[in-house]
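Chain by chain, the residues:
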Amino acid sequence: MWCSRVALRRLQQIAVVPLNISGNATGGAMQRKMSSLPKVYVTRQIPPDGLKRLQESGQVQYELWDSDDVPVPRKELLQKVKGVDALLCVLTEKIDAELLNAAGPNLKVVSTMSVGFDHLSLEELKKRGIRVGYTPEVLTDAVAELTVALLLATSRRLIEATHEAKTGGWGTWRTLWLCGHELANSTVGILGLGRIGVAIAERLAPFKVKKFIYTDVEPRPELASMINAEYVSMDELAKQSDFLAACCALTPETKDICNKDLFSKMKKTSIFINTSRGGVVHQDDLYDALATGQIAGAGLDVTVPEPLPTDHPLFTLKNCVILPHIASASYSTRNEMSSLAANNLLLGLRGQPMIKELKL
């Protein structure tokens, strides 16, 4: 895993050779040269490595929504994309027929700074012959780390314990106070076995996990062999798992796949973790399962909607830990995602193979 990430980083460093647009050109000639470059709109103030790639390439002129705190308003976005040749976006922007129509026929490349692409209307992009870049692999380690942290925080009740310590609940020692569930001798289930699922299992193995099981649209023997995981049905995944981690992509088939039917088959001592996409979970069913003690706890890094309203019923439950979608939030990972998104865009505009391209 480490080797593949280093190789990808090196590939990014050599992928886009800057164009020499200065030479002996005068200021006027330079301006004319710049104005003739492809136009790019960047929908967010992305981490500096990506912006540096765009600036130093000499290949494009770009405009960006200069904020990381507030997404570009839809009306503003529809105006800004008019006539652009490429778009660098993040997962908060819905790239659909309305936006593509507003952009017009010049749009050749969409590069998203995300591994997920459920915010992209792939059929509309394919219909228009627009190439799509995305940023898998570079965030595998960060997401796996966060998933393990969330699993431990949920199963060992760390948020509850911190609250008790701060608010005076820490009294005399009690035999069963704040007891949780440990990983040793447990069965860990993975819903959707890909790079991230494997990385999670690799990190959990030293905790003396007894068994890894997984389910997917089909067996994945090559990946499963890396963690000695057994392929099982969805029903068996629910019944056997002491810890169940959802790692699948959001597709029409996986929408609400974690629902009443799944939770009703899980052990009352089981812990459910989701760091994939909020849409794979039926949140009302999850609330009922947690509130009635059907399952012991849940840790969520993703919800529907995002942000989740502060008055949402899930926030009232002590056995539900909710994070604000921060699985890939490490400085190194976000910069690598930004750089990869920029490189994908530049290569796409040159008509060259992207480092990571969605095949439509």
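Located above this text is the structure these notes cover.
A count of helices and strands for the protein chain gives 14 helices and 13 strands. Taking the principal axes of its C-alpha atoms as reference, the protein chain extends roughly 80 × 45 × 35 Å. Split into buried and exposed, the 360 residues of the protein chain put 47% on the buried side. Put simply, 64% of the contacts in the protein chain that link residues at least 6 apart link residues at least 24 apart. Accessible surface computed for the protein chain: about 17900 Å², of which carbon and sulfur atoms make up 54%.

Turning next to the pattern of salt bridges. In the structure shown here, the tally under the stated rule is 18 salt bridges. Here Glu124 makes a salt bridge to Lys127, at a shortest N to O gap of 3.3 Å. Here Glu124 and its partner Lys127 are both found in helix 6 (residues 122-128), three residues apart, which amounts to about one turn of the helix. With its nearest N and O atoms 3.2 Å apart, the salt bridge here joins Lys265 to Asp235. With a gap of 30 residues between them, Lys265 in helix 12 (residues 260-265) and Asp235 in helix 11 (residues 234-240) connect regions that are remote in the sequence. When its relative accessible area of 35% is taken as the criterion, Asp235 is described as partly exposed. Beyond isolated ion pairs, a larger network of salt bridges with shared partners links Arg74, Asp96 and Glu98.

A few words on the sheet that holds strand 9 (residues 243-246). Read from one edge to the other, the open sheet built from seven strands follows the order 8-7-6-9-10-11-12, with strand pairing classed as parallel. Looking at which strands have only one partner, the edges of the open sheet turn out to be strand 8 (229-231) and strand 12 (320-322). Within this sheet the neighbouring strands show an average axis-to-axis angle of 20 degrees, counted without direction. Bridge count for strand 10 (residues 271-274) against strand 11 (residues 297-300) is four bridges, and the pairing is parallel. The residue bridging Ile271 from the neighbouring strand is Gly297, located in strand 11.

Quick look at unusual backbone geometry now. At the junction of Val304 and Pro305, the peptide bond is cis and its omega measures out at -5 degrees in the coordinates. Relative to the elements of secondary structure, Pro305 occurs in the loop between strand 11 and strand 12. The omega angle of the peptide bond from Glu306 to Pro307 is 0 degrees, so this bond is cis rather than trans. Of note in the backbone geometry, Leu178 takes a positive phi value of approximately 55 degrees without being a glycine. If you trace the backbone, Leu178 turns up in the loop between helix 8 (158-167) and strand 6 (187-191). The phi torsion at Asn228 lies on the positive side, around 55 degrees, for a residue other than glycine.

Note that Thr303 resides in the loop between strand 11 and strand 12. Along the backbone, Thr303 and Asn274 are 29 residues apart, and their C-alpha atoms lie at a distance of 8.9 Å. In contact with Thr303, other than residues within four places in its own chain, are Gly278, Gln283, Leu308 and Ile322. Of note is the side chain of Thr303, whose polar atom sits 2.8 Å from the backbone oxygen of Pro305.

It is worth spelling out helix 7 (residues 140-155) at this point. Helix length check: helix 7, at 16 residues, gives a terminal C-alpha distance of 22 Å against a target of 22 Å (1.5 Å per residue), a fit within 8%. Where burial is concerned, most of helix 7 is hidden: 13 out of the 16 residues are buried. Two residues or fewer after helix 7 comes Arg157, characterised by a positive phi angle close to 60 degrees.

Spatial ordering of the open sheet is given by 2-1-3-4-5-13, a layout of six strands whose pairing is mixed. A strand with exactly one partner marks an edge of an open sheet, and here the two such strands are strand 2 (61-64) and strand 13 (357-358). Where strand 5 (residues 131-133) and strand 13 come together, two bridges link them in antiparallel fashion. The partner of Gly133 across the bridge, within strand 13, is Glu357.

Attention now moves to helix 14 (residues 331-349). Look at helix 14: 27 Å from first C-alpha to last across 19 residues, which is about the 27 Å you get at 1.5 Å a residue. Burial runs high along helix 14: 16 of the 19 residues are buried. Positive backbone phi, approximately 75 degrees, marks Gly351, located one or two places after helix 14.

This brings us to the packing of aromatic side chains. All chains considered together, the criterion is met by three aromatic pairs. The ring of Trp177 is capped by Arg174, whose NZ or CZ atom sits 4.2 Å from the centre of that ring.

So, how was this worked out
- Residues numbered from 1 in each chain as written.
- Predicted model: local features only at pLDDT ≥ 70, side-chain atom pairs only at ≥ 80, totals over all residues.
- Heavy atoms only, no water.
- Helix = DSSP H or I, 4+ residues; strand = E, 2+ residues; numbered from the N terminus.
- Buried < 20%, exposed > 50% of the residue type's maximum accessible area, 1.4 Å probe, protein only.
- Contact = heavy atoms within 4.5 Å.
- Areas by Shrake-Rupley, 256 points an atom, 1.4 Å probe, with all protein chains shown as cover.
- Salt bridge = Lys/Arg side-chain N within 4 Å of Asp/Glu carboxyl O.
- Pairing = 2+ DSSP bridges.
- Axes fitted to C-alpha atoms, helices over the stretch in contact; angles between N-to-C directions.
- Polar contact = N/O pair within 3.5 Å; in protein donor to acceptor, adjacent residues only side chain to side chain.
- Expected span 1.5 Å × (residues − 1).
- Phe/Tyr/Trp six-rings, centres within 6.5 Å; stacked < 30°, edge-to-face > 60°.
- Lys NZ or Arg CZ within 6 Å of the ring centre and 35° of its normal.

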